[in-house]
Amino acid sequence: MEPVNHWQPVTTEYQLELAPRLETRPARRKRSRRPGNLHHAARAGLETETSFALTAISCYYFLRACAYFFCGSVLLCYPSSEQAGWLLEHARLLLPVSVSTTPYAPQANLLAEGLFIMAAIAAAVGVLWVVECWGTRGITMLYAAASVACTVIYFRATMTVDERVLLTVHQQEALLADAMINLLIFAYLAFCPTPQRELESAHS
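Note that the structure is a prediction, hence the values are computed from the model and not measured.

Asks: Can you walk me through the overall build of the protein in this structure?
Replies: Summing up its helical and strand segments, the protein has 7 helices and 0 strands in all. Secondary structure elements of the protein, listed N to C terminal, follow the sequence α-α-α-α-α-α-α. Here the protein holds 204 residues, and 29% of them are scored as buried. Here the protein has roughly 14500 Å² of accessible surface; of this, 65% comes from carbon and sulfur atoms.

Asks: Would you explain helix α6 (residues 169–191) in this entry?
Replies: An α-helix turns once every 3.6 residues. As a result, residues three or four positions apart point the same way. Helix length check: α6, at 23 residues, gives a terminal C-alpha distance of 33 Å against a target of 33 Å (1.5 Å per residue), a fit within 8%. Listing the buried residues of α6 in full gives L175, A179, N182, I185, Y188, L189 and A190.

Asks: Would you take a moment to explain the side chain of N182 for this structure?
Replies: Looking at where N182 falls in the secondary structure, it is placed in helix α6. The class for N182 is buried, based on a relative accessible area of 0%. If near-sequence neighbours (up to four positions away) are discounted, N182 is found in contact with Y60, Y61, R64, A144, S147 and V148.

Asks: Looking at this structure, I do not really get the nonpolar core. What am I missing?
Replies: One recurring pattern in soluble globular proteins is that nonpolar side chains are buried together. Core analysis: the biggest nonpolar cluster contains 30 residues, and I57, Y61, L75, L87, L111, L115 and L189 have the highest contact counts within it. Among the secondary structure elements, those contributing two or more residues to this core are α1 (12–77), α2 (82–89), α3 (91–94), α4 (107–131), α5 (136–157) and α6.

Asks: I'm lost on the pattern of salt bridges in this one. Help?
Replies: Pairing of side chains with opposite charge becomes possible as their charged atoms draw close. Across all of its chains, the model carries 1 salt bridge by this definition. Between D178 and R64 there is a salt bridge, with the nearest N and O atoms lying 2.9 Å from each other. Linking D178 in helix α6 with R64 in helix α1, this pair joins segments that are 114 residues apart in sequence.

The rules behind these values
Residues numbered from 1 in each chain as written. Predicted model: local features only at pLDDT ≥ 70, side-chain atom pairs only at ≥ 80, totals over all residues. Heavy atoms only, no water. Helix = DSSP H or I, 4+ residues; strand = E, 2+ residues; numbered from the N terminus. Buried < 20%, exposed > 50% of the residue type's maximum accessible area, 1.4 Å probe, protein only. Areas by Shrake-Rupley, 256 points an atom, 1.4 Å probe, with all protein chains shown as cover. Expected span 1.5 Å × (residues − 1). Contact = heavy atoms within 4.5 Å. Core = buried A, V, L, I, M, F, W, Y, C linked by side-chain atoms within 4.5 Å. Salt bridge = Lys/Arg side-chain N within 4 Å of Asp/Glu carboxyl O.

By themselves, these figures tell us nothing about what the structure is for.
What follows is the structure, given as structure tokens:
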């Protein structure tokens, strides 16, 4: 039979000295890992939230580009329709500049060209967010602020226009909702961290 080693410290002082060391070592390892895991989890959650917000912003501008393109197509394809007449009456709402008839082109064609330009600008902003280009944050903030300003100017101008040009209650609600979305986008890009903001701060 092979001998079995039953060695133990002779005195109780060695036993009391060895026991705390063995018990405290695993606890120290767990404590050292927890802050790192929490930091990585918080960072991953922030990146997921930021990615979702930026995706929503890019989708919004793509939808805005589609709306501009659709309105411009209506003006070109059906210039005598009721929808085209409504667009002509509210041209000031659709474009930041006034459009009037010229000897070379009717007002419908000029408004359609302006809407196509606005569609291209909105689509370009959406593409910039997809490719995460430098300077996208500033361009988007300028675009959102201009959209809100146009809405405010339009509501101030409707106080002196004809009744037939005024928007219905549902149209006013949709216009205010669009202004609120642009205002939220401006506030988010101004105060919340984004990859573009970190990139711009690194260049400065």
